[in-house]
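The lines below spell out each chain.
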Amino acid sequence: MTTSTIVGNWKMNTTLASAEILAYGIRDMRVVDGSVDIIICPPYVSLDRVSRIVSGSHIRVGAQDVHPESSGAFTGEVSPDMIAEVADFVIVGHSERRQLFSESDEFIGRKVVASLNAGLKPILCVGESLEDRRAGRAEEVVRSQLLNSLAGIEDVDGILVAYEPVWAIGTGEAANPQIAQYMLGTIRFALKSNFGAIADSVPCLYGGSVNADNVQDFVREPDIDGALVGGASLDAQSFAAIVARAAEVAG
Ligand code: 13P
């Protein structure tokens, strides 16, 4: 795959006003030559406004989570159809959801199915904890998160997968690119074994302390098609620099 995908996960940051400024900033950098797919994921309350700002540009928008039901008595939740009105993508199974909100693979799997049914492209996150890695079970944990979260689907067309080791998120200590390649190679192999050749066209991303200085080391690896960026996506210039560096490799 020659196109890179760079996703900015803004997490629980930005006000409506600062989200607007950030979206204009990213849109107006115009650093891209078409070899990088750019997706930005603001908080729910800013989705509509950010979508309008980037509409007509090469930047697309995603939500950070979704509830699997289409409507009903689920106070505080947002359905796939609601998101589909303002975004094309949705992050599901982020490790912060798994850890802080006790989300299971089964629940995440329902989100994957519901998102696809609503026409959204899910960005399914998987990743082991430091404890898992130290205990030598990183591959096993990631493979089981992946396959259990995809249990309800027959076709992975339209899905993106992000490998985000928990120990690399927000720590400034990105994974070694060889480790990331090994884990994403394992993910690709599991996808191929279960879903066939279509796995070759599933964008597989690395996430965890990605910045402009290290992004090329990741996207040069054969099974890494882009990056899921947290902290460095909150500043238009640093995000644009990541996109520009990825474009140098992809182009
Ligand atoms: P950081 O880039 O801040 O490490 O966050 C990664 C992440 O969790 C993106 O979803």
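Residues numbered from 1 in each chain as written. Predicted model: local features only at pLDDT ≥ 70, side-chain atom pairs only at ≥ 80, totals over all residues. Heavy atoms only, no water.

K.L.:
Can you break down the site of the ligand residue by residue, with the values?
P.N.:
Neighbouring residues of the ligand: 13 residues in total, closest Lys11, Gly170, Ser209, Gly230 and Gly231. Contact between the ligand and His94: an oxygen atom at 2.9 Å from a side-chain N or O atom of the residue. Between the ligand and the protein, one listed contact pairs an oxygen atom with a backbone N or O atom of Gly170 at 2.6 Å. Protein chains bury 94% of the 310 Å² of accessible surface belonging to the ligand in isolation. When the residues that make up the shell around the ligand are grouped by side-chain class, the tally is four nonpolar, seven polar and two charged. (Near = heavy atom within 4 Å. Polar contact = N/O pair within 3.5 Å; in protein donor to acceptor, adjacent residues only side chain to side chain. Areas by Shrake-Rupley, 256 points an atom, 1.4 Å probe, with all protein chains shown as cover. Nonpolar A, V, L, I, M, F, W, Y, C, P; charged D, E, K, R; others polar.)

K.L.:
Now, about the packing of helix H1 (residues 16-29) against helix H10 (residues 236-250): what can you tell me, with residues and values included?
P.N.:
Between H1 and H10, the shortest axis-to-axis distance is 9 Å and the interhelical angle comes to 35°. Of the two elements, H1 crosses H10, and the hand of that crossing is right-handed. Every residue of H10 that contacts H1 at Leu22, Gly25, Ile26 and Met29 is listed here: Ala236, Gln237, Phe239 and Ala240. (Axes fitted to C-alpha atoms, helices over the stretch in contact; angles between N-to-C directions. Helix = DSSP H or I, 4+ residues; strand = E, 2+ residues; numbered from the N terminus. Left-handed = near helix turned anticlockwise from the far one by under 90°. Contact = heavy atoms within 4.5 Å.)

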